[in-house]
Amino acid sequence: MSTRTLPLLFINLGGEMLYILDQRLRAQNIPSDKAKKATVAGWIEEDRRRVMNDIITTMFNKKFLEELFKPQELYSKKALRTVFDRLAHASIMRLNQASMDKLYDLMTMAFKYQVLLCPRPKDILLVTFNHMDAIKDFVRDTPSILSQVDETYRQLIEIYTPLSGGEFQLIRQTLLIFFQDMHIRVSIFLKDKVQNSNGRFVLPTSGPVPYGTHTPGLIRMFSCNGEEVKRTQFRDGGNYTSALREGSFELFGDRVIKLGTNMYSVSRPVETHMSGTSKNSSQHTKVNTIPNPLAKEELNLLAKLMGGLEVQKPSNTDSGFRVNLFATDEEEEEALISRPEELSYEVINIQATKDKQANAELAKIMGEFTEAGEPSPSSSSKGDDLLAMMDGL
């Protein structure tokens, strides 16, 4: 397994999480009794920016990234899930256990699909840059956070661009091993017919070939002197085209490939079906839409299509608002009751202010997680070091 995989896994999953949270926060359902108040949209947008800024600040904390970029093996699935539980609650936002499950399912399946579709292993770095470009756009108006993101760009360029194709192939195989048992159905993929009903992806037999390669269909034979002596054509069984050009691995540039960009920027339904649950959960969302407080009937329709998102204005500085990734509270409660037992570990709410006791508890939990659920002495110090860096900012 590659010891350089963890930073790419974390950044790409974090990027997908930010896409989903941004979409859900933009799909805010304004209460009817507040719809006519001009100030409502203002504080909702302010809260959205605060949530995104808090999460990105924690995600790109300098000391945290120093620990993350050290060569190391991947964390177990439970340990990584704990990291993202902590990251999602690094602001005033709160997620129910079932909503966090759903969020994590969408994150993992989206990135798994992107890894599978990468034309060549090195393009995983372009996927990462697509996520980084979008994250940078989220904080373009906050210079202090922007500098954190730019520093991460520089580390990615310095560490990963010199790697050989073989090293990127090892990174890709490490990622696929991590994702191999995850087969959650997502309606975006089901609708586009890129995922089967069993949750497995359908890989295309057409499209552009990897940069630096030729389209299939020709066999060339050479003599012992290296001279071409014969050519044979064969049917390739697909509709392949030549690669346009190589994407840019610089701080600024055209990445060429679209994998890793925000798939929620197009209005279409999103749905996950969690294996082991008795009831399928669905979510219908519309994104990049700022509600018009004067269009009451339109908002009611959108609320029905998108699913309610309750936001309670904090009564004091310690409280926050809750985000529901399900259509209704009842649906979220049913999903919570029917959660598989292996997912029934404790979700810890983290205050936006520093909470040393919670940090210690999380570090302890992080160190105890292994794939088999047994204590691991080696993973304990690693989890302690990483979670210790994620102090609430």
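Residues numbered from 1 in each chain as written. Predicted model: local features only at pLDDT ≥ 70, side-chain atom pairs only at ≥ 80, totals over all residues. Heavy atoms only, no water.

Colleague: Which parts of the structure should I look at to understand the pattern of salt bridges?
Modeller: Pairing is possible between side chains that carry opposite charge, provided their charged atoms lie close to one another. With the rule as written, the count across this model stands at 17 salt bridges. A salt bridge links Asp54 to Arg50, with the shortest nitrogen-to-oxygen separation between them at 3.8 Å. A residue pair is termed a helical-turn pair when its members lie 3 or 4 positions apart in one helix, as Asp54 and Arg50 do in helix α2 (residues 38-59) at four residues. Relative accessible area serves as the criterion here: at 39%, Arg50 is assigned to the partly exposed category. Two residues, Arg220 and Glu228, come together in a salt bridge whose shortest N-O distance is 3.7 Å. Accessibility expressed as a relative area gives 34% for Glu228, which makes it partly exposed. Overlapping salt bridges, with partners in common, bring together Asp22, Arg26, Glu45, Arg48 and Arg49 in one network. (Salt bridge = Lys/Arg side-chain N within 4 Å of Asp/Glu carboxyl O. Helix = DSSP H or I, 4+ residues; strand = E, 2+ residues; numbered from the N terminus. Buried < 20%, exposed > 50% of the residue type's maximum accessible area, 1.4 Å probe, protein only.)

Colleague: What should I look at first to understand the nonpolar core in this one?
Modeller: Most often, soluble globular proteins keep nonpolar side chains buried together rather than apart. With 79 residues, the main nonpolar core has Leu9, Phe10, Met17, Phe84 and Tyr160 as its most contacted residues. Ranked by residue count, the leading element in this core is helix α1 (residues 6-26), at twelve residues. Not counting residues within four places of it along the chain, the set of residues in contact with Met17 comprises Ile55, Phe84, Leu87, Ala88, Leu103 and Met107. (Core = buried A, V, L, I, M, F, W, Y, C linked by side-chain atoms within 4.5 Å. Contact = heavy atoms within 4.5 Å.)

Colleague: Before we go on, may I ask you to explain helix α4 (residues 77-88) in this structure?
Modeller: The α-helix winds at 3.6 residues per turn, so residues separated by three or four positions along the chain end up facing the same way. Across its twelve residues, α4 extends 16 Å between first and last C-alpha, which sits within 8% of the 16 Å expected from 1.5 Å per residue. Among the twelve residues that make up α4, ten are buried, leaving the element largely enclosed by the rest of the structure. Along α4, the positions that sit buried rather than exposed are Ala79, Leu80, Arg81, Thr82, Val83, Phe84, Asp85, Arg86, Leu87 and Ala88. (Expected span 1.5 Å × (residues − 1).)

Colleague: What am I meant to see in a nonpolar patch on the surface here?
Modeller: Taken together, the side chains of Ile219, Met221, Val229 and Phe234 present a nonpolar region at the surface, about 340 Å² in accessible area. For Val229, the location among the structural elements is in strand β5 (residues 228-233). (Patch = residues over 30% accessible without salt bridge, like charges linked within 9 Å, V, L, I, M, F, W, Y side chains within 5 Å. Areas by Shrake-Rupley, 256 points an atom, 1.4 Å probe, with all protein chains shown as cover.)

Colleague: In this structure, what is going on with the pairing of strand β4 (residues 218-222)? I would like to understand it.
Modeller: Taken residue by residue, a regular strand's side chains alternate between the two faces of the sheet. Relative to β5, β4 is paired through five bridges, and the arrangement is antiparallel. By the bridge assignment for β5, Leu218 is matched with Gln233. Between β4 and β5, which pair antiparallel one after the other, the connecting turn spans five residues, and Gly226 there sits at a positive phi close to 85 degrees. (Pairing = 2+ DSSP bridges.)

Colleague: Teacher, can you tell me more about unusual backbone geometry here?
Modeller: Note: most residues except glycine have negative phi, and most peptide bonds are trans. Phi at Lys193 takes a positive value of approximately 60 degrees, unusual for a residue other than glycine. Non-glycine residue Val256 carries a positive phi angle of around 70 degrees. Mapped onto the fold, Val256 is located in the loop between β6 (239-241) and β7 (270-273). Among the residues examined, Val256 registers a relative accessible area of 21% and is labelled partly exposed.

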